[in-house]
Amino acid sequence: MAQKPAIPKGTRDFLPTEVAKRNYMFATIKEVFRRYGYAPIETPSFELSTTLLGKYGEEGDRLIFRILNSGEKMKKADLDALAQDNLPRFANSLAEKALRYDLTVPFARFVVQHQNDLTFPFKRYQIQPVWRADRPQHGRYQEFTQCDVDVVGSDALMYEVELVQLFDEVLTNLGLPGFTIQINNRKVLSGIAEVCGETARIIDLTVALDKLDKIGEEGVVSELEQKGFTAQSIEKIKPLFQFEGTNAAKLDLMRTYLADSEIGLKGLDELSEVFAQINELGLQRGALIFDLTLARGLNYYTGAIFEVKANDVKMGSICGGGRYDDLTALFGLKGLSGVGVSFGADRIYDVMTELDLFPKALDRTLDILFVNFGSQEANYCMKLLREVRNLGLAAELYPSAAKLQKQLKYANDRNVGYVVMIGAEEAAAGMLSFKNMETGAQEQLSSADFLTKCGQLF
RNA sequence: GAGGUUGUAGCUCAGUUGGUUAGAGCGUCGGAUUGUGGUUCCGAAGGUCGCGGGUUCGAGACCCGUCUUCCUCCCCA
């Protein structure tokens, strides 16, 4: 046998039944997006490297797939940089293009580029694949699809509230029995850093804090020590470990803790407002939780930070997002606040598969199969086939006059609903045999009755 | 990027301290059964043992490299 074919690690093929399920999921998501007033856009799969690099931090840059220059452009390789062991600069000279890493940064670029054609606040959604040169793991792929909704051009907290509702509605409609929407605010994190006297190292601080539920208090302390935080500032962080209770209780606790931090209190005001409105409006199956440890790696969030996890499933976050005030400024457009969230389609798919939430009917790609008894009978079937298709049913004629046994097995394997048999006798009598493949029941019908029945059945 | 783990038929996996011609189940195809599927029975096809090198009289097994799988860390959807 020839060399076994393969696909790159972290990528997948999708079989017809899987595509059917994915389409169902996307259709459900889109329908909700539409009702909330978001319109779809698309951007290229790859961008100029300069658009993407430096937007996701050092770690992010490492995970960006670069596209090697081709032809004469290869001569642009910066050999001096290589000689100086400056690998990042060398890599940049080799690749002027890169596959998009997420949809948010390309969207910021899009907004700046088309600012004169857009009406603000601009609400868009975007469902496209993104690529990360990450090490594949459970629920982690190198190619996966994100479903982003963002609104730019308004700093109204109404949109934070709207996005929480959106999480709740989409995931409820997809049938998830329960999920937790965690919310935090970057300003609160800044306030904590301020209180600890570590404003410069807010990233290290929040990344350590983010791991609290994973590595525990001691783990966080030792990580902070390792990062060089003083015993004094670590002591000031410790009260946060006791952060428990209802959302209201947590907010009260933090008001005391952040009493001296103006920015911290501003963040709490924002959170309180969102909680107040959501309490008023109510959620379906989601629970909104104030989670102080929620930090998220992305540097560009400035206000609310969101993350969603499915209950009772071993899977990382299935959605994430937040508010960013300066993202478009990176591309030269200042003063445009945005807030957006991303649904991790592939993880949601995995969760839905694990919980068996897809409708069974999605497995059916063919409603009716016409058995082929020979060329004359087949010709007779073709007219009926056309009429059945015009009724909107998925129908086909078996391609050859194979043994009936084989044709029925094919129908069985394809999970066909009904089989129509028209042999010489039936054709002469103007009748047909109509067989239900689930029950095995079979009846003789005239063509007219058959078509009426089809209209009723589907 | 760090550490561990895996790779044998289309799929899931056996294969003893290195020793004749590498096995099973499922699936596929054919038949039992020429107009009735899922069950059953019989038979067949299908393998450079991930790839490259090395040790050995002899390697699927041992050693080195490389790719791949899955996991932990990092990070993240």
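Shown above is the structure to which this text applies.
Computed from a predicted structure; not experimentally measured.

Engineer: So, the packing of aromatic side chains: which residues are in play, and what are the values?
Structural biologist: For any pair of aromatic rings, geometry is given as the distance between the ring centres together with the angle between the planes. Taken as a whole and assessed by the stated rule, the structure comprises 17 aromatic pairs. Ring plane angle 55° and centroid distance 5.2 Å describe the contact between Phe33 and Tyr125, whose orientation is recorded as tilted. On the criterion of sequence distance, the pair formed by Phe33 in helix H1 (residues 16-35) and Tyr125 in strand S5 (residues 122-131) is long-range, its members being 92 residues apart. Measuring from ring centre to ring centre gives 5.2 Å for Tyr398 and Tyr410, while their planes differ by 80°; the resulting arrangement is edge-to-face. Taken together, the residues Tyr398 in the loop between strand S13 (395-397) and helix H16 (404-413) and Tyr410 in helix H16 connect sequence positions 12 residues apart. Residue classification places Tyr398 among the buried residues on the basis of a relative accessible area of 9%. An aromatic cluster is defined as three or more aromatic residues linked by ring pairs; in this entry it consists of Phe33, Tyr125, Phe167, Phe306 and Phe343. Its guanidinium or amino end placed over the ring of Tyr141, Arg12 lies 3.6 Å from that ring's centre, counting from NZ or CZ.

Engineer: Requested: an account of the packing of helix H8 (residues 186-196) against helix H9 (residues 202-210), with residues and values cited.
Structural biologist: Their axes nearest at 10 Å, the elements H8 and H9 cross at an angle of 110°. In terms of orientation, H8 and H9 fall into the roughly perpendicular class. Mapping the contact onto sequence places Arg186, Leu189, Ser190, Ile192 and Ala193 in H8 and Ile202, Ile203, Leu205 and Thr206 in H9. Taken together, the residues that form the contact of H8 with H9 break down as 6 nonpolar, 2 polar and 1 charged.

Engineer: Hey, could you go over the sheet that holds strand S16 (residues 442-446) for me, with residue numbers and the actual values?
Structural biologist: Pairing is mixed in the open sheet, where 5 strands are placed in the order S13-S12-S14-S15-S16. The open sheet is flanked by S13 and S16, the only strands paired with a single partner. Between one strand and the next, the sheet's axes are offset by a mean angle of 25°, whatever the strand orientation. As paired elements, strand S12 (residues 368-370) and strand S14 (residues 418-421) share 3 bridges and run parallel to each other. When the bridges of S14 are listed, Leu369 appears paired with Val419. Strand contacts of helix H15 (residues 375-390): S12, S13 and strand S15 (431-436), with the helix running at about 170° to S13, the strand carrying the most contacts.

Engineer: If you had to explain the pattern of salt bridges to someone new, which residues and values would you point to?
Structural biologist: Using the criterion set out here, one finds 25 salt bridges in the structure. Note that Arg35 and Glu31 form a salt bridge whose closest N and O atoms lie 2.7 Å from each other. With Arg35 and Glu31 both in helix H1 and 4 residues apart, this pair spans about one turn of that helix. Put simply, Glu443 and Lys453 hold a salt bridge, and the shortest N to O gap is 2.9 Å. One end of the pair, Glu443, is in strand S16; the other, Lys453, is in helix H18 (residues 447-457), and 10 residues separate them in sequence. The partly exposed category is assigned to Lys453, whose relative accessible area is 27%. Here the salt bridges share partners, and the residues they tie into one network are Arg12, Arg22 and Asp346.

Parameters at a glance
Residues numbered from 1 in each chain as written. Chains lettered and ligands numbered in written order. Predicted model: local features only at pLDDT ≥ 70, side-chain atom pairs only at ≥ 80, totals over all residues. Heavy atoms only, no water. Phe/Tyr/Trp six-rings, centres within 6.5 Å; stacked < 30°, edge-to-face > 60°. Helix = DSSP H or I, 4+ residues; strand = E, 2+ residues; numbered from the N terminus. Buried < 20%, exposed > 50% of the residue type's maximum accessible area, 1.4 Å probe, protein only. Lys NZ or Arg CZ within 6 Å of the ring centre and 35° of its normal. Axes fitted to C-alpha atoms, helices over the stretch in contact; angles between N-to-C directions. Parallel < 35°, antiparallel > 145°, perpendicular 65-115°, else oblique. Contact = heavy atoms within 4.5 Å. Nonpolar A, V, L, I, M, F, W, Y, C, P; charged D, E, K, R; others polar. Pairing = 2+ DSSP bridges. Salt bridge = Lys/Arg side-chain N within 4 Å of Asp/Glu carboxyl O.

It is worth stressing that arrangement in space is one thing and function is another; only the former is reported here.
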